[in-house]
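# Survey of secondary and tertiary structure
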Amino acid sequence: MEKHVGKAKLKSAVLYSSIVLMWAYFLFAADLWKGMRVFCIVLVVIVIGIVIPGISYCQLMWRVDHERLYYTYHRTFLDKVTAFYSYVFNRKHIYQIAINLNQIDYIDVSYAKVPRMPFGGYGYDLLFIVHMYDGSIYQFDALITRNRQEFNEAVDFLQAQGIQIHDPLKILDYLKTGSYLSYYLEKLEEQSHD
Amino acid sequence: MIRITIISSHDDIYKFIDSFIQKHHLHAEILDFKTNKYYDIYFIEVQNKDDYLKYQNIKRTHETLIYFIGPHDFDTIQTSFHFNIQFYFRIEHFKQELLEYENQIIQKIQEHFHYYTYQNGHMIVKLRLSEIYYIESLRHQIIIHSLNGELHERKNLKDIINELDSPAFIQVHKSFIINRNMIQKYNSKEVYLKDHTVIPLGRAYKNQLKEYETS
């Protein structure tokens, strides 16, 4: 048994590609101005080959089974595109980190305030700080924006494997209510400044 | 961060160790002792040899450093050596002895608790070098295999060996760097590690391995 947080949206990629192909076909057939057809072909190649894979693939993904916790983070758009094609050709995700559960001492739950593009606002990333018995530390952003249920189930599964989770700010409890995390963390920030 | 715990009834021992850590700019923190927690360094005060029973089951790895502080008593000192300790300080001369052997103590701590840090956005990994088994190069990335699992990073072997800057790591093949402390045995073709991994030994690296082993 294993739990996933964040998945490659292969079906969405195929759906988006089909829509783009249909539009391209109509534009190609209409041939409204000289060079239209070449433009269509280039557009289709760029959209299907680069843009759609980049959009469809998750920025972060993690998975936990009975033995290990796997995590990957795609920082740039190019990382996502590369990971997408690696997944398509190998039919398996390449995770950047694999952590043996039997070496985990405990996991601290924390957060970081980060700037969000494009309006100059701020948002919050939920952080897992994994402390190992040997003193090594793994810190990563653990929460994806959609499918909160998936995340809660994965955390419960981790705890069921005997992993201690230290959550002094009760962030995980709040996540289970289904409300927006940002509001809660903003309140916590305000309280800490008072 | 090096996790230090002090089990002592004397406040001045605690304060002196704290100032010792600050003096040497060790990236360490002193934590309260809990029996179910792992620490990297223990400073334990004992009154007599019966006190050792209390500390028989403290959590430790093969890198943990233990320092005992106790009376100048033969039986107590002799019993302490069953614990594979680094040093026994006589309580009445604790400060003098800590200062006298500070270079050796600091050297030992630095040897044991080196880290390799990898950062990608909010993802930060701090791996203890002593727990790395080997590093493998695969296409355009490296895979660091350690006691804790694996870490994939886009880098080449040459860069990583320069970054590690540790004599413990040696290249034994064009695609493999190993931690020599993790070698179980080797022959003319392969190196066997403590985690039962078998690493091919490149012809060009054979002599290098022998030199390290004899040094």
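Predicted, not measured: the structure shown is a model, and the values here were computed from it. (Residues numbered from 1 in each chain as written. Chains lettered and ligands numbered in written order. Predicted model: local features only at pLDDT ≥ 70, side-chain atom pairs only at ≥ 80, totals over all residues.)

This part is about the overall build of chain B. Within chain B one finds six helices and 15 strands. If you line up chain B on its principal axes, its C-alpha atoms span 55 × 40 × 30 Å. Every one of the 215 residues in chain B was classed for burial, and the buried ones make up 27%. Restricting the contact set of chain B to residue pairs at least 6 apart, pairs at least 24 apart contribute 48%. (Helix = DSSP H or I, 4+ residues; strand = E, 2+ residues; numbered from the N terminus. Buried ≥ 20, exposed ≤ 12 C-beta atoms within 10 Å, placed from the backbone. Contact = placed C-beta atoms within 7 Å.)

Our next topic: the pairing of strand β9 (residues 141-146) of chain B. Residues and elements named next belong to chain B. As paired strands, strand β8 (residues 132-138) and β9 are joined by six bridges and run antiparallel to one another. Bridging across to β9, I132 finds its partner in S146. The turn joining β8 and β9, which pair antiparallel and follow one another in sequence, is formed by two residues; a positive phi near 50° is taken by R139. Two strands pair when backbone bridges link them, and β9 and strand β10 (residues 149-153) are joined in this way by five bridges, in the antiparallel orientation. Residue I144 lies in a different strand from β10, and its bridge partner there is L151. The turn linking β9 back onto β10 is made up of two residues. (Pairing = 2+ DSSP bridges.)

Moving on, we come to the interface of chain A and chain B. Listed by partner, the interface residues are 24 residues for chain A and 23 residues for chain B. Contributing elements (two or more residues each) for the side of chain A that touches chain B: β3 (68-73), β4 (97-100), β5 (104-116), β6 (121-132) and β7 (137-141) of chain A. The leading source of residues in the side of chain A that touches chain B is β7(A), at five residues. In terms of strand pairing, β7(A) meets strand β7 (residues 123-128) of chain B through three bridges, oriented antiparallel. Bridge assignment links A:Y138 to a residue of β7(B), and that residue is B:V125.

Below, the discussion takes up the UniProt feature "transmembrane region" (unreviewed entry) in chain A. As recorded in UniProt, the feature "transmembrane region" (unreviewed entry) lies at residues 12-30 and 36-58 of chain A. This span, residues 12-30 of chain A, is 100% helix and 0% strand, and a straight line between its end C-alpha atoms measures 27 Å. (UniProt positions renumbered as here; feature names shortened; annotations may be inferred.)

Moving on, we get to helix α3 (residues 77-90) of chain A. Residue and element names in this part refer to chain A. Its 14 residues give α3 an end-to-end C-alpha distance of 20 Å, which sits within 8% of 20 Å, the value for a rise of 1.5 Å per residue. Buried-residue contacts for α3 involve α2 (36-56). Just past α3, the residue R91 takes up positive phi, approximately 60°. (Expected span 1.5 Å × (residues − 1).)

Attention now goes to the domain arrangement of chain B. We note that the domain assignment places domain 1 (2-112) and domain 2 (115-214) within chain B. Computed from C-alpha coordinates alone, the two centres of domain 1 of chain B and domain 2 of chain B are separated by 31 Å. (Domains from an automatic or database assignment.)

Attention now moves to the sheet that holds strand β14 (residues 190-193) of chain B. Residue and element names in this part refer to chain B. The three strands are arranged β13-β14-β15 in an open sheet whose pairing can be described as antiparallel. With partners counted over all chains shown, the strands left at the sheet margins are β13 (183-186) and β15 (198-200), one partner each. Across the sheet, the axes of successive neighbouring strands diverge by a mean angle of 25°, strand direction being ignored. Bridging between β13 and β14 involves three bridges; their strand directions are antiparallel. Paired with K185 across the bridge in β14 is Y192. (Axes fitted to C-alpha atoms, helices over the stretch in contact; angles between N-to-C directions.)

All names here are of chain B. Mean pLDDT for chain B: 86, with 98% of residues reaching 70 or above. Between the elements of chain B, mean pLDDT differs from a low of 74, seen in helix α6 (residues 206-214), to a high of 93, seen in β9. Across the interface, the model reports ipTM at 0.82; the global pTM reads 0.81. (pLDDT = per-residue confidence, 0-100.)

With that settled, consider the sheet that holds strand β8 (residues 165-166) of chain A. Reading across the sheet, the six strands line up as β8(A)-β5(A)-β6(A)-β7(A)-β7(B)-β6(B) and stay open at both edges, with mixed pairing between neighbours. Pairing within the sheet leaves two strands with one partner each, and these edge strands are β8 of chain A together with β6 (115-120) of chain B. Strand direction decides the pairing type here: β6(B) and β7(B), joined by six bridges, are antiparallel. Bridged to B:N120 within β7(B) is B:M123.

Let us now look at the confidence of the model for chain A. Confidence in the prediction of chain A, expressed as mean pLDDT, is 84, and 97% of residues score 70 or more. When pLDDT is averaged over each element of chain A, β4(A) comes out on top at 94 and helix α6 (residues 181-193) of chain A at the bottom at 80.

For the rest of this paragraph, the subject is the packing of helix α1 (residues 10-30) of chain A against α2(A). Residues and elements named next belong to chain A. Orientation of α1 relative to α2, taken along the N-to-C sense of each, is 170°, at an axis distance of 10 Å. As far as their axial angle goes, α2 and α1 are roughly antiparallel. Judged by residue contacts, S12, A13, Y16, S17, V20, L21, A24, L27 and F28 of α1 engage M36, R37, C40, L43, V44, V47, I48, I52, P53 and S56 from α2. (Parallel < 35°, antiparallel > 145°, perpendicular 65-115°, else oblique.)

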